[in-house]
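What follows is the residue order along each chain.
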Amino acid sequence: MDSIIVTGGQPLSGQISIAGAKNAALALMPVTLLTDEPLTLTNAPRLSDIKTMTLLLESLGTEVTAMQGGKVIALSSHGLTSTRADYDIVRKMRASNLVLGPLLARAHQAVVSLPGGCAIGARPMDIHITALEALGAEIDLRDGYLHAVARGGLRGARVPLRFASVGATENVLMAATLARGTTVIENAAREPEIVDLAQCLRRMGAQIEGEGTSTITIEGVDRLHGATHSVVTDRIELGTYMLAPVIAGGEIELLGGRMDLVAAFAEKLDAAGVSVTETAKGLLVRLRGDRPRAVDVVTEPFPGFPTDLQAQMMAMLCCAEGVSVLEERIFENRFMHAPELMRMGAQIEVHGGTATVTGVERLRGAPVMATDLRASVSLILAGLAAEGETQVNRVYHLDRGYEHVEDKLGAVGARIARVPGS
Ligand code: UD1
């Protein structure tokens, strides 16, 4: 398995282009299942999770063609051959569950393995199941698979979610576009990726109102047609690279960066003494003083501080002046990066869902282990600030969510290299 070696202490300068959002693309690709006409996605990120979704869709009979090195993905599901999402593919990535809603809507049946993905909590499927049952699906759990049928097709309904789950909102939104009648999703997730999904569906003829708010109304239509859609900017990649010049020193412009995608995060950076300004091409980030200041962080659904930036923020706070408290409210087991950061000299105490970080003047390079996607990149960020060499092992998680991290950071002056594994 590959590892990444970072040698700290280099201030950064230059520009980094931010890719299309992984989490948006993973929801947009299954949209192909809702129509027999072609769907083309532009500004797609080049990531292993996208390859996993490609394999899954191909196993269902979708034709997937990657163009321009993967930046453009053409999908066509005119000849759907299967409605079964097999364990072998689904176990690699939880977002595989996003084929459930579209398959039910188009084929009125689906068999989907229970998902895998990052080991950051239990991540059950109850919200998806209850929501699709409200639309008239019957769903049984047998042998690790969800067996779902919608006899006579899905029917629009009121769908209150017990928690604003991103994946459940996406599954219901897709399913409801072809259901008979009106669906109202209450306590819907408000993430920008949901807005992007709704915009794509609307381009295909879906009737949707209220995306980006807690109530989304969908009027079912008989069929959807083809479309071309550009994937929204990846706010998590954006936030990750915004932290790089704060940790390493210097100034970086994030091309394609948008303040509205990272408002809560940028507010915390401002409180930590970081200047974030909008430019004609994106966002410019630099630290105002010599060292960032401690800030407290609570992760929440959008528009709150994203859980997917918690690990990276912790890496920064490890070097900040003062004591910070991070509270993780979305996933119950998402501090696996803490012991690894401690190997680099960080002072962190974890009690349940709360981590208390006492900033130190300097971290030390050390061999560390990547445990999940965002944890991996937090260790690379910490390495940028550390004295000496940090070797991040088991980086396959990183390639699930970050395009060429070593090239992007290397181009702005970081000393970083990938060491191919055996
Ligand atoms: C999506 C993102 C992920 C992000 C997360 C929260 C994708 C592909 N992934 O994941 O990067 O960290 O949103 O912003 O978009 N839950 C249940 N029952 C369910 C569904 C979820 O209890 O049926 C719980 C989960 O265990 C978790 C919380 O709800 O604790 C949030 O999950 P959810 O919003 O569904 O996240 P995902 O869609 O899986």
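See the structure shown above.
Bear in mind the structure is a predicted one, so any value in this text is a computation, not a measurement.

### A word on the overall build of the protein
- A count of helical and extended segments in the protein gives 14 helices and 24 strands.
- Its C-alpha atoms give the protein a radius of gyration of 21 Å, within 12% of the compact-globule value 22 Å for 422 residues.
- Over its C-alpha atoms, taken along the principal directions, the protein stretches across nearly 65 × 45 × 40 Å.
- Looking at the protein residue by residue over its 422 residues, the buried ones come to 57%.
- Taking all contacts inside the protein whose residues are at least 6 apart in sequence as the whole, residues at least 24 apart take part in 74%.
- Working note: accessible area of the protein is about 15,800 Å², and carbon and sulfur atoms make up 48% of it.
- Placing the 39 positive and 48 negative side-chain charges of the protein at their respective mean positions leaves the two points 1 Å apart.

### Thoughts on the site of the ligand
- The environment of the ligand is made up of 19 residues, and the closest members are Asp126, Ile127, Ser165, Asp308 and Ile330.
- Separating an oxygen atom of the ligand from a side-chain N or O atom of asparagine 23 is a distance of 3.0 Å.
- Isolated, the ligand exposes 740 Å² of accessible area, and the fraction of that covered by the protein chains is 89%.
- Those elements giving two or more residues to the shell around the ligand turn out to be helix H5 (126-134) and helix H6 (166-176).

### A closer look at the layout of surface pockets
- Taken as a whole, the second largest pocket holds about 310 Å³ of empty space.
- In terms of lining, the second largest pocket is formed by 16 residues, of which the most central are Ile247, Asp290, Arg291, Glu361 and Arg362.
- Listing elements by their share of the lining of the second largest pocket, those giving two or more residues are helix H8 (235-248) and helix H12 (373-385).
- Looking at the lining of the second largest pocket element by element, the count peaks at three residues for H8.

### Some words on the environment of tyrosine 87
- If you trace the backbone, tyrosine 87 turns up in helix H3 (residues 87-90).
- According to the relative accessible area criterion, tyrosine 87 is partly exposed, its value standing at 45%.
- Between the alpha carbons of tyrosine 87 and tyrosine 145 there is a distance of 8.1 Å; along the sequence they are 58 residues apart.

### What about the packing of aromatic side chains?
- Tallied over the entire structure, the rule returns two aromatic pairs.
- A cation sits over an aromatic face here: arginine 84 above tyrosine 145, 4.3 Å from the ring centre.

### Quick notes on the nonpolar core
- Judged by nonpolar contacts, the single largest core of 78 residues is most densely connected at Leu57, Val99, Leu100, Leu154, Leu173 and Leu201.
- The element that contributes the greatest number of residues to this core is H6, accounting for six residues.
- Discounting chain neighbours no more than four positions away, the residues touching leucine 173 are Ile185, Ile194, Leu197, Ala198, Leu201, Ile208, Ile216 and Ile218.
- Residues Ile236, Ala244, Val274 and Ala338 belong to the second largest nonpolar core, which totals 69 residues.

### Things to note about the pattern of salt bridges
- Per the counting criterion, the structure on display carries 26 salt bridges.
- Between aspartate 140 and arginine 142 there is a salt bridge, with the nearest N and O atoms lying 3.3 Å from each other.
- Salt-bridge contacts for glutamate 211 lead to arginine 202; the nearest nitrogen and oxygen are separated by 2.6 Å.
- Given the relative accessible area of 17%, glutamate 211 is considered buried.
- For arginine 202, a relative accessible area of 34% translates into the label partly exposed.

### Points about the packing of helix H10 (residues 310-317) against H12
- Here H10 crosses H12 at 20 degrees, and the two axes come no closer than 8 Å. Viewed along their axes, H10 and H12 adopt a mutual orientation that is roughly parallel. In the packing of H10 onto H12, the handedness of the crossing is right-handed. Counting all contacts with H10, which are made through Ala311, Gln312 and Ala315, the residues of H12 involved are Arg374, Ala375, Val377, Ser378, Leu381 and Ala382.
- Considering only residue class, the contact of H10 with H12 consists of six nonpolar, two polar and one charged.

### Things to note about H6
- Here H6 lies mainly inside the structure; 10 of its 11 residues are buried.
- Listing the buried residues of H6 in full gives Gly167, Ala168, Thr169, Glu170, Asn171, Val172, Leu173, Met174, Ala175 and Ala176.
- Looking at where H6 begins, the residue whose side-chain oxygen comes 3.5 Å from the main-chain nitrogen of glycine 167 is serine 165.

### Some words on the pairing of strand S20 (residues 347-351)
- Judged from the five bridges that link them, S20 and strand S21 (residues 354-358) form a sheet pairing that is antiparallel. When the bridges of S21 are listed, histidine 351 appears paired with threonine 354.
- Connecting the antiparallel pair S20 and S21 is a turn made up of two residues, with glycine 352 showing a positive phi of about 60 degrees.

### Considering the sheet that holds strand S19 (residues 323-327)
- Here four strands make up an open sheet; going across it, the order is S18-S19-S21-S20 and the pairing mixed. Only two strands of the sheet have a single neighbouring strand rather than two, namely strand S18 (297-298) and S20.
- When S19 meets S21, the two strands line up antiparallel, connected through five bridges. The residue of S21 that forms the bridge with serine 324 is valine 357.
- Its contacts with the sheet put H10 on S18, S19, S20 and S21, and the angle it makes with S19 is roughly 170 degrees.

### What to know about H12
- Among the 13 residues in H12, 13 count as buried, and that is most of the element.
- Here H12 starts with a cap whose side-chain oxygen sits 3.2 Å from the backbone nitrogen of arginine 374, and that cap is aspartate 372.

### With respect to the sheet that holds strand S11 (residues 182-186)
- Strand order across the open sheet formed by four strands is S10-S11-S13-S12, with mixed pairing between neighbours. Edge positions in the sheet fall to strand S10 (158-160) and strand S12 (207-209), since each of these pairs with one other strand and no more. Recorded for the sheet is a direction-independent mean angle of 15 degrees between the axes of neighbouring strands.
- With three bridges joining them, S10 and S11 adopt parallel strand pairing. Residue pairing in the sheet places proline 160 in a bridge with glutamate 186 of S11.
- Its contacts with the sheet put H6 on S10, S11, S12 and strand S13 (215-219), and the angle it makes with S11 is roughly 170 degrees.

Conventions we followed
Residues numbered from 1 in each chain as written. Predicted model: local features only at pLDDT ≥ 70, side-chain atom pairs only at ≥ 80, totals over all residues. Heavy atoms only, no water. Helix = DSSP H or I, 4+ residues; strand = E, 2+ residues; numbered from the N terminus. Rg over C-alpha atoms; globule rule 2.2 N^0.38 Å. Buried < 20%, exposed > 50% of the residue type's maximum accessible area, 1.4 Å probe, protein only. Contact = heavy atoms within 4.5 Å. Areas by Shrake-Rupley, 256 points an atom, 1.4 Å probe, with all protein chains shown as cover. Lys, Arg positive; Asp, Glu negative; His and termini not counted. Charge placed at Lys NZ, Arg CZ, Asp CG, Glu CD. Near = heavy atom within 4 Å. Polar contact = N/O pair within 3.5 Å; in protein donor to acceptor, adjacent residues only side chain to side chain. 1 Å grid on protein atoms, 1.4 Å probe; cavity = no way out; pocket = protein on both sides within 12 Å on 5 of 7 lines; lining within 4 Å. Points joined across faces, edges and corners; volume = space filled by probe spheres on them. Phe/Tyr/Trp six-rings, centres within 6.5 Å; stacked < 30°, edge-to-face > 60°. Lys NZ or Arg CZ within 6 Å of the ring centre and 35° of its normal. Core = buried A, V, L, I, M, F, W, Y, C linked by side-chain atoms within 4.5 Å. Salt bridge = Lys/Arg side-chain N within 4 Å of Asp/Glu carboxyl O. Axes fitted to C-alpha atoms, helices over the stretch in contact; angles between N-to-C directions. Parallel < 35°, antiparallel > 145°, perpendicular 65-115°, else oblique. Left-handed = near helix turned anticlockwise from the far one by under 90°. Nonpolar A, V, L, I, M, F, W, Y, C, P; charged D, E, K, R; others polar. Pairing = 2+ DSSP bridges.

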